[in-house]
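Structural characterization, general
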Amino acid sequence: SAHSSFSGAGALTAYVNQGISFSLTPYVTAYVWRLDTVEIPGLPESITALSLYPLILAISAFAMFFVVGPMHARFGKPTSAAIGAAGTALFTLLPYMALYFGFWPALDTLVSAGALYAMLLIGNTLSIVTLISATSMLAEIVEAYL
């Protein structure tokens, strides 16, 4: 059916996005955003902005619990997945576009790291919403054919 096809395509897109993101993260955090060079005042020099990356990811995973249910209730799973994917793309690309066009704060600063982490928090939360929505839709497809 058309719904099954749409759901499968959405799930595939979500998983491809996740794989690309996971494989590129070590490179871009160190060589593009230089988070390993940003010191945090009051903390030992060995703790840099890069040290906070897992914390931001954990916060976004927690934030998802407050977002996914209301989105599914209001928009349904396919539309929630689409909104999540579009939002993820926006908040993932925005820092790169701002950097490219000269609107991003100076690298190696707390302002740059903070702005990047704000975008990451929103983008990753929406990415998790997309993955949950896609996984749930795939489960519904399987149940429909059992």
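The structure under discussion appears in the preceding block.
Here's a quick rundown of the structure.

Basis of the calculations
- Residues numbered from 1 in each chain as written.
- Predicted model: local features only at pLDDT ≥ 70, side-chain atom pairs only at ≥ 80, totals over all residues.
- Heavy atoms only, no water.
- Helix = DSSP H or I, 4+ residues; strand = E, 2+ residues; numbered from the N terminus.
- Buried < 20%, exposed > 50% of the residue type's maximum accessible area, 1.4 Å probe, protein only.
- Areas by Shrake-Rupley, 256 points an atom, 1.4 Å probe, with all protein chains shown as cover.
- Expected span 1.5 Å × (residues − 1).
- Bend = angle between axes of the 7 residues up to and from the residue.
- Contact = heavy atoms within 4.5 Å.
- Salt bridge = Lys/Arg side-chain N within 4 Å of Asp/Glu carboxyl O.

**Overview of the overall build of the chain**
A count of helices and strands for the chain gives 4 helices and 0 strands. Of the regular secondary structure in the chain, the N- to C-terminal order runs α-α-α-α. For the C-alpha atoms alone, the extent of the chain along its principal axes is close to 55 × 30 × 25 Å. Counting only residues that meet the buried cut, the chain has 34% of its 146 residues in that class. Accessible surface, the chain: about 8500 Å² in total, of which carbon and sulfur atoms supply 73%.

**Topic: helix H3 (residues 77-100)**
In a regular helix each residue adds 1.5 Å, so 24 residues correspond to 34 Å; H3 covers 34 Å between its end C-alpha atoms and thus fits that length. Maximal helix bending in H3 amounts to about 30°, located at Leu93; proline Pro95 follows within four positions. When H3 is considered as a whole, its buried residues turn out to be Ser80, Ala81, Gly84, Gly87, Thr88, Pro95 and Ala98. One or two steps after H3, the chain reaches Gly102, where phi turns positive at roughly 85°.

**Looking at the environment of Leu110**
Tracing the chain through its elements places Leu110 in helix H4 (residues 110-144). Sequence separation between Leu110 and Thr29 is 81 residues; the distance between their C-alpha atoms is 14 Å. Here Leu110 is in contact with Val38, Glu39, Ile40 and Pro41, once residues within four sequence places are set aside.

**Comments concerning the side chain of Thr125**
Within the element layout of this structure, Thr125 appears in helix H4. Here Thr125 falls in the buried class, since its relative accessible area comes to 7%.

**Considering the pattern of salt bridges**
Scanning the model with the defined rule gives 1 salt bridge in all. In this structure, the salt-bridge partner of Asp108 is Arg34, at a minimum N-O distance of 3.0 Å. Note that Asp108 is positioned in the loop between H3 and H4 and Arg34 in the loop between helix H1 (2-32) and helix H2 (53-75), a separation of 74 residues in sequence.

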